[in-house]
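Each chain, written out:
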Amino acid sequence: MIDVAIAVVICVAVLAVSYKTPIPAIPLYIIAGIVAGNLGLKASEVSHFLSQLGIIFLLIYIGLEIKIESFIKKSKELTGIGVIDLFVTFTPILAVSVLFFDLADAVVIAAALYISSSAIVIHSLIENRRLIFPESETILWMMILEDLILIVFLFLLSAKIAAVMDFALKVVVYSAVVMLFAKTFLKYLKRLLAETEFVSIAAFSLAAIPLLVAEVGIPESLAAILIGMAFSDIKSIQRYIKPFKDVFLVLFFFFFGLSIKIEGFIHPGALIAVIIATVVGKFAAGAVIGRVLHGSLASGVEIGATTIARGEFSILVAALSGVEVVKTVVTVTVIATSLIGAVTAKYARAAGKLVQKRKIGE
Amino acid sequence: MSIELPGVGSKYEIETAQGDKVAIVFLESGEIHLYVLEKGCDSPCVVVLSESEARRLGSILSGTVFHIEKELVEIVFTALSDLRISVHTYVVNKAMAGKSIEELAIRKRTGVTVIAVSRKGKNVVNPPPSFRFEDGDVIVVIGEHDQISKFEREILGIR
């Protein structure tokens with residue numbers, strides 16, 4: 001238990017540092033974990049379980065953001081964004097990773113590093129006062145689409161090829177049951193949600209479902225995000241899930257950092273190449289999306305520069321893969337891109353304007 | 001029309017005839033951000049409002065508060081699917097003075113209910129239908145927004 005106590009104290013200190021500076025909190029938690037691990041702090045079974053809760057609550061929370069109806073309404077526009085984002089970002093990361101790692105590991109690395117950090121990006125849009133601009137809407141939809149593709153990755157990551165049909169069937173049955181349950185009891189649930197005392201424990205209990213269905217072979221991560229989607233009609237649930245997510249996710253980051261073994265088995269050149277591909281890939285994707293959707297490269301530069309930071313989802317995919325090489329590469333890249341991304345996001349709009357001016361000047 | 005900002009909340013935008021832009025963003029955290037972007041300018045000014053501050057600003061903009069004797073309080077019961085009741089105060093004018101609630105048929109004609117009257121420092125709560133208004137009485141009425149407007153038009157004869 002002492003490890004959890006120490007972790008909580010360190011994380012509060014880290015958060016205070018993050019508040020006072022423009023540095024995002026996510027890389028700091030991970031760095032704190034790495035440092036603590038090297039100083040001899042050991043993770044216990046309790047901390048492992050709490051980290052697991054962090055993943056589950058993050059995914060429930062993400063699921064709650066995914067509202068199928070809004071997707072269908074905007075499907076034409078969104079499909080374009082999603083496809084461009086996936087291909088333009090994923091390809092260069094995969095191409096570079098394959099040069100240094102096994103194909104299987106390279107694919108997981110590319111999958112992990114393709115997804116931007118919604119948390120960092122959303123925070124920067126609010127803090128940098130950018131929500132009035134239409135580019136911000138595109139960026140936010142991009143984040144949600146990446147979450148949807150994350151579901152596909154989670155599915156692929158957990159499915160063993162031989163058992164894929166059996167697995168798919170289980171997932172479909174589970175999804176149907178959860179959706180049906182949520183729809184049937186929607187009215188009843190909404191009424192209950194007015195009782196605050198009841199609500200906290202009920203919100204917490206949602207986390208029990210993924211843990212339970214893990215017993216029948218449906219991975220918790222997939223189960224959690226599907227639960228979130230099933231309940232996305234009830235707006236107020238999010239408010240109650242958030243505190244749990246905030247607390248446990250921080251512990252997850254910290255203990256993930258703790259589990260990283262820094263050993264000299266990866267060439268620094270490989271890491272630098274992956275970082276460059278990760279930054280360039282997303283920037284290019286943003287540029288193309290801006291060009292297509294807003295008809296201007298300036299918008300593209302703005303979108304690209306805003307979405308460079310990687311964070312929670314990359315770490316999540318790396319943690320679920322459990323491969324040491326993947327974990328290390330992704331961790332280093334997340335730390336680098338989240339710091340680079342914090343700066344580029346701040347000057348994204350100015351950079352876009354600069355491009356526009358030069359074009360007019362020509 | 002509100003614009004969905006997934007992961008953030010929702011946004012309402014207005015572009016004025018001069019080309020200035022105003023956007024109101026309702027964050028999921030409950031904060032309300034009011035963006036003002038002057039035409040030709042690229043860095044917006046942002047005011048962060050609490051829910052009650054936003055409501056006050058809204059009342060001022062919609063013209064419901066113009067002087068001190070005429071006050072609007074909106075009561076929201078969040079537990080009752082966001083039931084909103086507007087409570088207004090008015091000063092009795094010539095059009096009402098000397099008549100009773102029954103004669104004016106306030107509820108029948110407008111739907112609003114007079115719940116209290118303040119006369120020379122004394123209050124009457126739930127005045128009976130026979131209650132006769134005097135010039136200078138301050139009355140408190142409740143009703144929905146539309147009913148209040150109707151009351152102002154038909155009973156007070158303003159607007």
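What counts and what doesn't
- Residues numbered from 1 in each chain as written.
- Chains lettered and ligands numbered in written order.
- Predicted model: local features only at pLDDT ≥ 70, side-chain atom pairs only at ≥ 80, totals over all residues.
- Heavy atoms only, no water.
- Helix = DSSP H or I, 4+ residues; strand = E, 2+ residues; numbered from the N terminus.
- Rg over C-alpha atoms; globule rule 2.2 N^0.38 Å.
- Contact = heavy atoms within 4.5 Å.
- Areas by Shrake-Rupley, 256 points an atom, 1.4 Å probe, with all protein chains shown as cover.
- Lys, Arg positive; Asp, Glu negative; His and termini not counted.
- Charge placed at Lys NZ, Arg CZ, Asp CG, Glu CD.
- Pairing = 2+ DSSP bridges.
- Axes fitted to C-alpha atoms, helices over the stretch in contact; angles between N-to-C directions.
- Buried area = accessible area lost by both parts, 1.4 Å probe.
- Salt bridge = Lys/Arg side-chain N within 4 Å of Asp/Glu carboxyl O.
- Polar contact = N/O pair within 3.5 Å; in protein donor to acceptor, adjacent residues only side chain to side chain.
- Nonpolar A, V, L, I, M, F, W, Y, C, P; charged D, E, K, R; others polar.
- Expected span 1.5 Å × (residues − 1).
- Buried < 20%, exposed > 50% of the residue type's maximum accessible area, 1.4 Å probe, protein only.
- Phe/Tyr/Trp six-rings, centres within 6.5 Å; stacked < 30°, edge-to-face > 60°.
- Lys NZ or Arg CZ within 6 Å of the ring centre and 35° of its normal.
- Left-handed = near helix turned anticlockwise from the far one by under 90°.
- Core = buried A, V, L, I, M, F, W, Y, C linked by side-chain atoms within 4.5 Å.
- Parallel < 35°, antiparallel > 145°, perpendicular 65-115°, else oblique.

## Quick notes on the overall build of chain A
Phase 1 of the analysis: When you go through chain A residue by residue, the secondary structure sums to 19 helices and 0 strands.
Phase 2 of the analysis: For 362 residues, the compact-globule formula gives about 21 Å, and the C-alpha radius of gyration of chain A, at 20 Å, lands near that figure.
Phase 3 of the analysis: Across its three principal axes, chain A shows a C-alpha extent of roughly 65 × 50 × 50 Å.
Phase 4 of the analysis: Across chain A, every contact between residues at least 6 apart in sequence was considered, and the portion connecting residues at least 24 apart equals 84%.
Phase 5 of the analysis: Roughly 16400 Å² of accessible area belongs to chain A as shown, and the carbon and sulfur atoms make up 72% of that amount.
Phase 6 of the analysis: For chain A, the distance from the average position of its 29 positive side-chain charges to the average position of its 25 negative side-chain charges is 9 Å.

## Description of the sheet that holds strand β5 (residues 45-49) of chain B
All names here are of chain B.
Phase 1 of the analysis: Taken together, 5 strands build an open sheet; the order of strands is β1-β2-β3-β4-β5 and the sheet is antiparallel. Edge positions in the sheet fall to β1 (3-5) and β5, since each of these pairs with one other strand and no more. Here the average twist between neighbouring strands, direction ignored, is 25 degrees.
Phase 2 of the analysis: Bridge count between β1 and strand β2 (residues 9-15): 3 bridges; the pairing is antiparallel. Bridge assignment links Glu-4 to a residue of β2, and that residue is Ser-10.

## Points about the interface of chain B and chain A
Phase 1 of the analysis: Taken residue by residue, the interface counts 20 residues in chain B and 19 residues in chain A.
Phase 2 of the analysis: A combined buried area of about 1700 Å² lies between chain B and chain A, and 62% of that area is made up of carbon and sulfur atoms.
Phase 3 of the analysis: When the buried area of chain B at its contact with chain A is split by residue, Pro6(B), Tyr35(B) and Asp42(B) rank highest and sum to 31% of it.
Phase 4 of the analysis: At the junction of chain B and chain A, the tally comes to 3 salt bridges.
Phase 5 of the analysis: The shortest N-O distance in the salt bridge between Glu137(A) and Lys11(B) comes to 3.0 Å.
Phase 6 of the analysis: Between the two partners, chain B and chain A, sit 8 residue pairs in polar contact (both at pLDDT 80 or more).
Phase 7 of the analysis: Considering each element in turn, the side of chain B that touches chain A owes the most residues, 4 residues, to strand β3 (residues 21-27) of chain B.
Phase 8 of the analysis: For the side of chain B that touches chain A, the class distribution of residues is 12 nonpolar, 2 polar and 6 charged.

## Considering helix α8 (residues 134-158) of chain A
Phase 1 of the analysis: Here α8(A) spans 37 Å end to end across 25 residues, near enough to the 36 Å set by a 1.5 Å rise per residue.
Phase 2 of the analysis: Burial analysis of α8(A) places 18 of its 25 residues in the buried class, the great majority of the element.

## What to know about the environment of His48(A)
Phase 1 of the analysis: Take His48(A): it is sitting in helix α3 (residues 45-65).
Phase 2 of the analysis: Linking His48(A) and Leu140(A), residues 92 residues apart in sequence, is a C-alpha distance of 32 Å.

## Re the packing of aromatic side chains
Note on aromatic pairs: each is described by the distance of the centres and the angle between the planes.
All names here are of chain A.
Phase 1 of the analysis: For the coordinates displayed, the defined rule picks out 16 aromatic pairs over all chains.
Phase 2 of the analysis: Between the aromatic rings of Phe-252 and Phe-256, the centroid separation amounts to 6.1 Å while the plane-to-plane angle is 45 degrees, which identifies the pairing as tilted. Here Phe-252 pairs with Phe-256, and both are found in helix α14 (residues 237-259), just 4 residues apart, close to one helical turn. In this pair, the class of Phe-252 matches that of Phe-256, namely buried.
Phase 3 of the analysis: An aromatic cluster is defined as three or more aromatic residues linked by ring pairs; in this entry it consists of Tyr-29, Phe-252, Phe-253 and Phe-256.
Phase 4 of the analysis: Just above the ring of Tyr-61 sits the side chain of Lys-245; from NZ or CZ to the centre is 4.0 Å.
Phase 5 of the analysis: Lying across the ring of Phe-133, Arg-349 places its NZ or CZ 3.5 Å from the centre.

## Observations regarding the packing of helix α15 (residues 268-294) of chain A against helix α16 (residues 297-306) of chain A
Residue and element names in this part refer to chain A.
Phase 1 of the analysis: The N-to-C vectors of α15 and α16 enclose an angle of 145 degrees; their axes lie 7 Å apart at closest approach. For the pair α15 and α16, the sense of crossing is right-handed. Contacts from Lys-282, Phe-283, Gly-286, Ala-287, Gly-290, Arg-291 and His-294 in α15 reach Leu-297, Ser-299, Gly-300, Val-301, Ile-303, Gly-304 and Ala-305 in α16.
Phase 2 of the analysis: Here the residues of the contact of α15 with α16 sort into 6 nonpolar, 6 polar and 2 charged.

## Here's the deal with the pattern of salt bridges
Phase 1 of the analysis: According to the stated counting rule, one finds 17 salt bridges over all chains in the structure shown.
Phase 2 of the analysis: For Asp137(B), the salt bridge identified is with Arg119(B), shortest N-O distance 2.8 Å. Here Asp137(B) is found in the loop between β9 (122-125) and β10 (138-143), whereas its partner Arg119(B) is found in strand β8 (residues 113-119), with 18 residues between them in sequence.
Phase 3 of the analysis: Through salt bridges with shared partners, a single network forms among Arg130(A), Glu135(A), Glu302(A), Arg349(A), Lys353(A) and Asp42(B).

## Let's talk about the nonpolar core
Phase 1 of the analysis: Formed by 122 residues in total, the largest nonpolar core has its most connected members in Leu131(A), Leu150(A), Phe231(A), Ile241(A) and Val8(B).
Phase 2 of the analysis: The greatest single-element share of this core, amounting to 14 residues, is contributed by α14(A).
Phase 3 of the analysis: Within the second largest apolar cluster, 17 residues are counted, among which are Met96(B), Val114(B), Ile139(B) and Leu156(B).

## Here we look at the packing of α8(A) against α16(A)
All names here are of chain A.
Phase 1 of the analysis: Closest axis-to-axis distance for the α8/α16 pair is 10 Å, and the angle between their directions is 45 degrees. With respect to α16, the element α8 is oriented oblique. Here α8 runs over α16; the crossing is right-handed. When α8 is examined against α16, the residues Glu-135, Thr-138, Ile-139 and Met-142 are found in contact with a partner set consisting of Ser-299, Glu-302, Ile-303 and Thr-306.
Phase 2 of the analysis: Here the contact of α8 with α16 is composed, by residue class, of 3 nonpolar, 3 polar and 2 charged.

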